Amino acid sequence: MRIIVYGADGYIGWPMALHLAAQGHDVLAIDNGARRRWDAEGGTRPLNEIASFTERVETWNALGKGAPIRIAEGDICDYDFVLETMRAHDPEALVHFGEQRSAPYSMISRDHAVRTQVNNIVGNLNILFAMREVNPEIHLVKLGSMGEYGTPNIDIEEGYLTITHNGRSDTLPYPKLPHSFYHLSKVADSYNIHFTTRVWNFRATDLNQGVVYGVATDETVLDPRLATRFDYDSVWGTALNRFVIQGSLGYPITVYGRGGQTRGYLDIRDTMACITLALEHPAAPGEFRVFNQFTEQFTLNELAETVAGVLGRRGLEPTIVHLDNPRIEKEEHYYNARHSALLDLGLQPHYLADTLIDSLVDFVQANAANVDPELLETPTVTWREGANEVWYRHA
Ligand code: NAD
């Protein structure tokens, strides 16, 4: 297949571009380096050294495995760029990761909320309009988020809910109660994409993804220059990754609030598998297909205790501390989200196991020198006040 991967220099986009190229697909990798600039802006950096976007692609192409990756550096918010690259590559499918994806980043200030929503919503609209001009048959696979649903007190379905109201029934998009201005941008994307499936007969898959953990895929381990980023600070680091880094390096594992916050999680290798399955089984014309893309759900306390248990067996003495929650969210709540569609397509999950956490601990310890302890320990953005002095000091 000819495929465009948007956001191909990111944590997931880069391993995905590699994974598809390894299977022989003709991949055009697009990114504008925004994420590296957002890191520079806030004084954050991944735990590990990562090669530049071009060096990564050159390294892969020199290895001679699978198909070579093509590269185009540009902004998805630039419509001419999106149109020209789509015309030139003539894709059968698009995988769209290219967004500002940090909830705390979107809560730093008015400017950051606006930048997040403009970047994400305009970029997504540009892709939709380019699809209409170039080829309405293209299958769009878009990364959404489980955070779009929030934490309702009823079961979360995969995208749709059948409602009976005043004696009449309909199946409608599942109600959304997002957690942040970032998640709100994803909800807007979902509605815009759904609209285009109805009016332009597009085929689209919206992957409401859980929190991704892990760093190693079959391809990223082939050469150090193929490694993907592994973030640890409170703006970019996701829960399990951050807990492993804190505990492995002898810092307290910081749980926000009471720790009953429950979310869906998945191994980065399963992200690769889910997206590949979605590409191999495209949505039908006119179909807005929604998959909840995660394999297990945990509370923050369960995650922290699991990590602490593995570290304890390695002779470390991790501590778990509860911080005042910088976010505004329910800390104890019902959570039961359906996630059977990808399993029905054949997904064979990697469940969170001690061995995975062990391998992450080894990875973290090998890269320990890069850690800025203040960014590891202190939440720098609160939902009520925006960024605090620690964020501005590093900016
Ligand atoms: P990331 O920040 O590491 O990667 C996103 C990439 O998109 C970056 O390289 C960035 O430079 C690029 N980008 C952003 N705006 C762009 C633009 N206007 N033009 C071109 N490139 C642009 O994020 P990630 O963790 O790899 O997440 C990828 C996708 O998956 C995101 O859409 C995110 O919302 C979604 N997601 C991620 C997680 C997770 O746990 N990481 C969970 C749920 C959903």
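See the structure above.
In this numbering scheme, every chain counts its residues from 1 along its sequence in written order. Totals for whole chains, interfaces and linings use every residue, but because this is a predicted model, local features are given only for residues with pLDDT of at least 70 and side-chain atom pairs only at 80 or more, for both listing and counting. The side-chain numbers reported here are obtained from all heavy atoms of the structure, hydrogens and water having been left aside.

Visitor: I tried to follow the site of the ligand on my own but got confused; where do I start?
Guide: To be near a molecule or strand, a residue needs just one of its heavy atoms within 4 Å of it. The immediate surroundings of the ligand are formed by 29 residues, with Tyr11, Asp31, Asn119, Tyr182 and Lys186 found nearest. Here a polar contact means two N or O atoms within 3.5 Å. Within protein one must be a hydrogen donor candidate and the other an acceptor candidate, and residues neighboring in sequence count only if both atoms are side-chain atoms. A distance of 2.9 Å separates an oxygen atom of the ligand from a polar atom in the backbone of Arg35. Measuring from a nitrogen atom of the ligand, one finds a side-chain N or O atom of Asp75 at 2.8 Å. For the ligand, whose unbound accessible area comes to 830 Å², protein coverage reaches 98%. Helical segments are the DSSP runs of H or I of at least four residues, strand segments are the runs of E of at least two, and each set is numbered from the N terminus. Elements with a contribution of two residues or more to the shell around the ligand: helix 2 (34-42), strand 5 (139-145), helix 7 (181-199) and strand 9 (211-213). Counting residues per element, the shell around the ligand draws most heavily on helix 2, at three residues. Its residues placed into classes, the shell around the ligand shows ten nonpolar, eleven polar and eight charged. In these tables, accessible area is a Shrake-Rupley quantity obtained with a 1.4 Å probe, and a residue counts as shielded only by the protein chains included in the view. Residue polarity follows a fixed list, in which Ala, Val, Leu, Ile, Met, Phe, Trp, Tyr, Cys and Pro are nonpolar, Asp, Glu, Lys and Arg are charged, and the others, Gly among them, are polar.

Visitor: What is the right way to look at unusual backbone geometry in this model?
Guide: One non-glycine residue, Asn166, adopts positive backbone phi at about 50°. Examined against the element boundaries, Asn166 turns out to sit in the loop between strand 6 (160-165) and strand 7 (168-173). The phi dihedral of Asn201 is positive, around 60°, even though this residue is not glycine. Following the sequence through the fold, Asn201 ends up in the loop between helix 7 and strand 8 (203-209).

Visitor: Please explain the pattern of salt bridges as it appears in this structure.
Guide: Throughout this description, the term salt bridge denotes a Lys or Arg side-chain nitrogen within 4 Å of a carboxyl oxygen of Asp or Glu. For the structure shown, the criterion picks out 27 salt bridges. Note that Arg263 and Glu329 form a salt bridge whose closest N and O atoms lie 3.0 Å from each other. Remark: Glu329 occurs in the loop between strand 14 (320-323) and helix 11 (341-344) and Arg263 occurs in strand 11 (residues 262-267); sequence separation between them is 66 residues. The burial state of Arg263 is the same as that of Glu329; both residues are buried. Within the structure, one salt-bridge network assembled from shared partners comprises Arg35, Asp39, Arg101, Arg229 and Asp231. Only protein chains enter the area calculation, which uses a 1.4 Å probe; residues under 20% of their type maximum are buried, those over 50% are exposed, and those in between are partly exposed.

Visitor: I tried to follow helix 1 (residues 13-22) on my own but got confused; where do I start?
Guide: In an α-helix there are 3.6 residues to a turn, and that puts residues three or four apart on one side. In terms of burial, helix 1 is largely enclosed, as nine of its ten residues are buried. Lining the buried residues of helix 1 we find strand 1 (2-6), strand 2 (26-31), helix 3 (53-63), strand 3 (69-73), strand 4 (93-96) and helix 9 (268-280). In the segment just after helix 1, Gly24 is the residue with positive phi, at about 95°. Contacts are assigned to residue pairs that have any heavy atoms within 4.5 Å of one another.

Visitor: Help me out: how do you make sense of a negative patch on the surface in this one?
Guide: There is a patch of like negative charges on the surface, built from Asp75, Asp78, Asp80 and Glu84. Mapped onto the fold, Asp78 is located in the loop between strand 3 and helix 4 (79-89). You can call Asp78 partly exposed: its relative accessible area is 36%. Patch rule: a residue counts if its relative accessible area is over 30% and it has no salt bridge; like charges are joined within 9 Å, and nonpolar side chains (Val, Leu, Ile, Met, Phe, Trp, Tyr) within 5 Å. This count recognises Lys and Arg as positive and Asp and Glu as negative, with His and chain-terminal groups excluded. Lysine's charge is taken at NZ, arginine's at CZ, aspartate's at CG and glutamate's at CD.

Visitor: Just checking my understanding: could you explain the sheet that holds strand 1 for this structure?
Guide: Whenever strands of a sheet pair, they do so through backbone hydrogen bonds, lying parallel or antiparallel. For two strands to be treated as a pair, DSSP must find no fewer than two bridges joining them. Taking strand neighbours across the sheet as the criterion, the seven strands line up as 3-2-1-4-5-8-12 in an open arrangement whose pairing is parallel. The strands lining the two open edges of the sheet, one partner per strand, are strand 3 and strand 12 (288-293). Put simply, the sheet's adjacent strands are angled 20° from each other on average, direction ignored. Judged from the five bridges that link them, strand 1 and strand 2 form a sheet pairing that is parallel. When the bridges of strand 2 are listed, Ile3 appears paired with Val27. Note on definitions: angles span 0 to 180 degrees between N-to-C directions of axes, and those axes are lines fitted to C-alpha atoms, for helices only across the stretch in contact.

Visitor: Sorry, what's going on with the environment of Arg35 here?
Guide: With respect to the helices and strands, Arg35 occurs in helix 2. Each C-alpha atom, one on Arg35 and one on Arg101, is 9.3 Å from the other, the two residues being 66 residues apart in sequence. A polar side-chain atom of Arg35 sits 3.2 Å from a polar atom in the side chain of Asp231.

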